[in-house]
Structure formats: C-alpha cells, structure tokens
Amino acid sequence: MGIYSAILGILLSFIVLGPLAVKWELDRRISFVSITVIGALNGAILLVFDSVVSLGVFQLFIVGVVVVISLAATSLLYRFYRDPERSITLDEKSILSPADGIVKYIKRIEEGEIPVSEKMGKTYSVAEFTQTEDLSGSGYIVGISMSFLDVHVNRAPLFGEIETVEQIRGTFSSLKNLEALFLNERAVIVLRNSEFRLGIVEIASRLVRSIVPFVKAGQFVQQGERISMIRFGSQVDLIIPSMPSLVMNVSVGDKVKAGLSIIAYKEETSLKN
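Residues numbered from 1 in each chain as written. Predicted model: local features only at pLDDT ≥ 70, side-chain atom pairs only at ≥ 80, totals over all residues. Heavy atoms only, no water.

Engineer: Mind showing me how you'd approach the overall build of the chain here?
Structural biologist: A tally of helices and strands in the chain yields five helices and 16 strands. A buried classification covers 47% of the 273 residues belonging to the chain. Pairs at least 24 residues apart make up 75% of the contacts formed inside the chain by residues separated by at least 6 positions. Here the chain displays about 13,400 Å² of accessible surface, and carbon together with sulfur accounts for 59% of that area. Here the chain carries 27 positive and 28 negative side-chain charges, and the mean point of each set is 6 Å from the other. (Helix = DSSP H or I, 4+ residues; strand = E, 2+ residues; numbered from the N terminus. Buried < 20%, exposed > 50% of the residue type's maximum accessible area, 1.4 Å probe, protein only. Contact = heavy atoms within 4.5 Å. Areas by Shrake-Rupley, 256 points an atom, 1.4 Å probe, with all protein chains shown as cover. Lys, Arg positive; Asp, Glu negative; His and termini not counted. Charge placed at Lys NZ, Arg CZ, Asp CG, Glu CD.)

See below:
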C-alpha cells in the first residue's frame, strides 16, 4: 500500500486524538503539534510494518489505532510526570500561583459564602468547602484548572507555616459540573505568615484518584517550594482573604504557572513578573 499506509497513520492520529483533545480542553497549539508528530510517527511505523508484513486495510487500521494510542499515552505520561526546576523570585508581598493551568474563575466571597451559580443563587460556605473555620471570612476564590498536559506538582504560593493539611472524602464527579467542586474528594492546605492566611484546595475529578501532600501541619515552607502532587487532570482553588491593599493580578482565561505567576499582591510592593 506504500504511501497510503503513511497517510492512514496521520489520519488515524487526528481521528482518534482530535476529539479527545477537544473533550479534555487541551491547549490547541500543543495538541495540534503533538497530534501531527504522533501521526507522522504512526505513518512511518505503518509504512515499515506494511513493507515487512503484508496486511489488509482492516488489519492495518487496527495496528494504526493501537500505535496511536500507545504513542499518545507515552507522551501524556511523560508530560504529566515532569517536575522541572524553576527559578523562583521570592517576594513576601506577593501570592504566587500554586498550580500550572488556566484560571477558570475568580469569585468574590462575601461573608464567608461562595456562590456556585449566579443564576440559581446557590452558595456554599467556605467552612463547608474547606472543613475549617480558619478561612471563613470574605475574600476571593481563584479556580485553576489543570489539564493532562500541565505539570502536576503544586507549589507554595508564599513563605509561611503550614497550619492544616486535611484530606476530605467525597465523590469523583466531572468538574464541568460546578457543584462537583464542593462535593468531590479534595485536600485542603492552610498556609499563613505575617501578611496572609491562604487556603489551597486540591480537588479530585472523575479521573483523579490520588492527591499526595508533601507537607504536614507545623512545617515551614519557602515560597515556590513543592507541597503536593495531583495525579492526572484536576483543579486547584486558591482562597485569598480580603484586605484593603490587595490587588488581583490575573483574569479569567489566563495561563498561570506554579511558583512563577503572581496571582495577587499587596499594593505597596513593586510588581515582579
């Protein structure tokens, strides 16, 4: 079949992986490049395979699908388990992102109540969400969605003492349902210093079954230090208390990186990017 084997390999890559990239809301540019590369490799493998072992169209199709899935799984596992070193710019007046991902929402917390759906008017208290009264005041909650392509090691937004590390049992529903954010299994880390007290809430999704904290209560951590890992795609919510001088530094849709991107800062500090 010659060149047709190579073309089949490329087509299968887009047919199999394209819908998954859309469903999982993966970065379009990275997805297109990755699918193209996997397709080219698949085409080359099918071309060689067909030249060695003469196969029918159906058999070649099955081999191509298996190769695409194998290459894609290997690529995703490589990206998921990355843990790159990062040069952290320390700033005690700034709150850094705890996770890599996309800012999905920034909600105002009024009197300790978090709105779930503005249309339906339903709310959850911060205490229900975190199962601690330490974060029950007003402030902001920033939701950071992590995809399969993101680094899944989370980092401390600031220097301080770990007050709480709490594992909360729950469901494993899709995070596309907003109420799942408050019902799914999660881990809560409360971190404080002289400037801030923050809540870091790591939320499991349908595919996530393991949230692994690296820290314990009473431990001091440096800004940008590794504090936990979430296995596969999920979400990290950052709860920030209200204060007159606080300036939010991100918007919905922004791409952020753990230990590098500034989520918020106190107004009297000079902003460092």
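There's plenty left to go through after this.
Engineer: Before we go on, may I ask you to explain the packing of aromatic side chains in this structure?
Structural biologist: Given two aromatic rings, their pairing is described by the distance between the two centres and the angle made by the two planes. Counted by the stated rule, this structure contains three aromatic pairs. On the basis of an interplanar angle of 50° and a centroid distance of 4.9 Å, the ring pair of Phe129 and Phe182 is categorised as tilted. You can see Phe129 sitting in helix H4 (residues 126-130) and its partner Phe182 sitting in helix H5 (residues 180-183), a full 53 residues away along the chain. Across the pair, Phe182 and Phe129 agree in class, each one buried. The positively charged end of Lys107 is found above the aromatic ring belonging to Tyr105, 5.5 Å away from the centroid. It is Arg108 that lies over the ring of Tyr140; its NZ or CZ is 4.9 Å from the centre. (Phe/Tyr/Trp six-rings, centres within 6.5 Å; stacked < 30°, edge-to-face > 60°. Lys NZ or Arg CZ within 6 Å of the ring centre and 35° of its normal.)

Engineer: Got a minute to help me understand the nonpolar core in this structure?
Structural biologist: Side chains that are nonpolar tend, in soluble globular proteins, to be buried together. By size, the foremost hydrophobic cluster in this structure holds 30 residues, and its most contacted members are Ile95, Leu238, Ile240 and Ile263. Mapped onto this core, the elements with two or more residues apiece are strand S5 (139-146), strand S8 (186-192), strand S9 (197-203), strand S12 (226-230), strand S13 (234-241) and strand S16 (262-266). Each residue touching Ile240, except ones within four places of it in the same chain, is listed here: Ile95, Ser138, Gly139, Tyr140, Val142, Leu198, Leu246, Met248, Ile263 and Ala264. The next biggest cluster of nonpolar side chains, apart from the first, holds 19 residues, and it includes Ile168, Leu181, Phe182 and Val201. (Core = buried A, V, L, I, M, F, W, Y, C linked by side-chain atoms within 4.5 Å.)

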